[in-house]
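Observations on the three-dimensional arrangement
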Amino acid sequence: MPRLAAALRGLAVTAAAVALTAAAVPEAGGTVPKTDAAVRGGTRTAPPEFVALRDVDPTIRQEIRYFTPHTFMGVPVTGYREPLCILTRDAARALHRAQVSFLRRGYTLKVYDCYRPQRAVNHFVDWAKDLKDQRMKGEFYPRIDKSALFRDGYIAEKSGHSRGSTVDLTLVRLPGPPTRPYIPGEPLRKCYAPKAERFPDNSLDMGTGFDCFDTLAHTLDPRVQGRQRANRLLLKQGLESAGFRNYDKEWWHYTFTPETFPETYFDFPVSRGVLNGGR
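What comes next concerns the included structure. (Residues numbered from 1 in each chain as written. Predicted model: local features only at pLDDT ≥ 70, side-chain atom pairs only at ≥ 80, totals over all residues. Heavy atoms only, no water.)

Each helix and strand in the protein chain was counted, giving six helices and nine strands. When each of the 279 residues of the protein chain is scored for burial, the buried share is 56%. Considering only intrachain contacts with a sequence separation of at least 6, the fraction spanning at least 24 residues in the protein chain is 77%. Surface accessibility of the protein chain: about 12400 Å² in total, with carbon and sulfur atoms responsible for 54%. (Helix = DSSP H or I, 4+ residues; strand = E, 2+ residues; numbered from the N terminus. Buried < 20%, exposed > 50% of the residue type's maximum accessible area, 1.4 Å probe, protein only. Contact = heavy atoms within 4.5 Å. Areas by Shrake-Rupley, 256 points an atom, 1.4 Å probe, with all protein chains shown as cover.)

Here it is as structure tokens:
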């Protein structure tokens, strides 16, 4: 593996923007899953195959949205105790390889979500069943009836994120100042509006924001052209070269293959303390 220092020549500015600063918030409400043969690894510790991405590559930026209230539910998500990206070691190393390539071209990866505990998925499911709670509709699903979220595949009872090799991410052109925090109650902006009208994000313009429940978020939607399409393809090609596979209905969603745990869903919380005794 090439040394990261060589790839960072002239790009040392990225080290100062490793992660988005976030204030501590209590874990959101939700349902912790019952014992399930498909949900393993316990609820307190992670298997040794899991690592903090920051320990593998500290230059990849982290904007862990589900630790914040800027989510499609409008609240922090159950299970996210720290704004931390956790992945299987194989996925983290592959992401490092992709980052080296992007840094040489003047970009950095930025992750929105990585490993996602089953309790977080359960929180999504509980929210989707509550048709009265539509506080964030104006941003994340303006054209979708909430009652159709299960049918249309936006919400499911299991997520590949819970297996540890799936990541939601984007690209930022360096130096790229951090995105400002979301202020609960501020006016909502449609996730597919022109970039200048969407919620600010230091990402390249991908045509929609992250977690946009709309067909315009499909990676190769023919309506997305020009620079937006080129940006999506730049991300896609760079990640595919490192062994990732895109989910074609979400431009931000990638899974490293072969997965370390292809059939196992975990439920330990997102916290450094679950990793190798907290080290």
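We are not done yet, so read on.
What follows is about the sheet that holds strand E3 (residues 61-62). Read from one edge to the other, the open sheet built from five strands follows the order E3-E5-E6-E8-E7, with strand pairing classed as mixed. Only two strands of the sheet have a single neighbouring strand rather than two, namely E3 and strand E7 (244-246). Bridge analysis of E3 against strand E5 (residues 107-113) gives two bridges, and the strand direction is parallel. Each residue of the ladder has a partner; that of Arg 61, found in E5, is Lys 110. Along the sheet, helix H3 (residues 89-104) contacts E5, strand E6 (166-173), E7 and strand E8 (253-256); its crossing angle with E5, the most-contacted strand, is approximately 145°. Docked against the sheet, helix H6 (residues 226-241) engages E5, E6, E7 and E8, running at close to 125° with respect to E6. (Pairing = 2+ DSSP bridges. Axes fitted to C-alpha atoms, helices over the stretch in contact; angles between N-to-C directions.)

Counted according to the given criterion, the structure contains 17 salt bridges. Across the pair Asp 214 and Arg 143 runs a salt bridge whose closest N-O atoms are separated by 2.9 Å. Taken together, the positions of Asp 214 in the loop between E6 and H6 and Arg 143 in the loop between helix H5 (137-140) and E6 put the pair 71 residues apart, joining distant regions of the chain. Salt-bridge contacts for Glu 240 lead to Lys 236; the nearest nitrogen and oxygen are separated by 2.7 Å. In this pair, Glu 240 and Lys 236 both sit in helix H6, four residues apart, roughly one turn of the helix. A residue is classified by how much of its surface remains accessible, and Glu 240, at 35% relative accessible area, is partly exposed. Put simply, Glu 63, Arg 65, Lys 110 and Asp 201 are held in one network by salt bridges that share partners. (Salt bridge = Lys/Arg side-chain N within 4 Å of Asp/Glu carboxyl O.)

Time to look at the nonpolar core. By size, the foremost hydrophobic cluster in this structure holds 71 residues, and its most contacted members are Leu 95, Leu 109 and Val 111. Secondary-structure elements contributing two or more residues to this core are strand E2 (50-52), strand E4 (86-88), H3, E5, helix H4 (118-129), E6, H6 and E8. Broken down by element, this core gets its largest block of residues, six residues, from H3. Ignoring sequence-local partners within four residues, the contact set of Leu 95 consists of Leu 53, Ile 60, Leu 87, Leu 109, Val 111, Val 167, Leu 169, Leu 239 and Phe 244. (Core = buried A, V, L, I, M, F, W, Y, C linked by side-chain atoms within 4.5 Å.)

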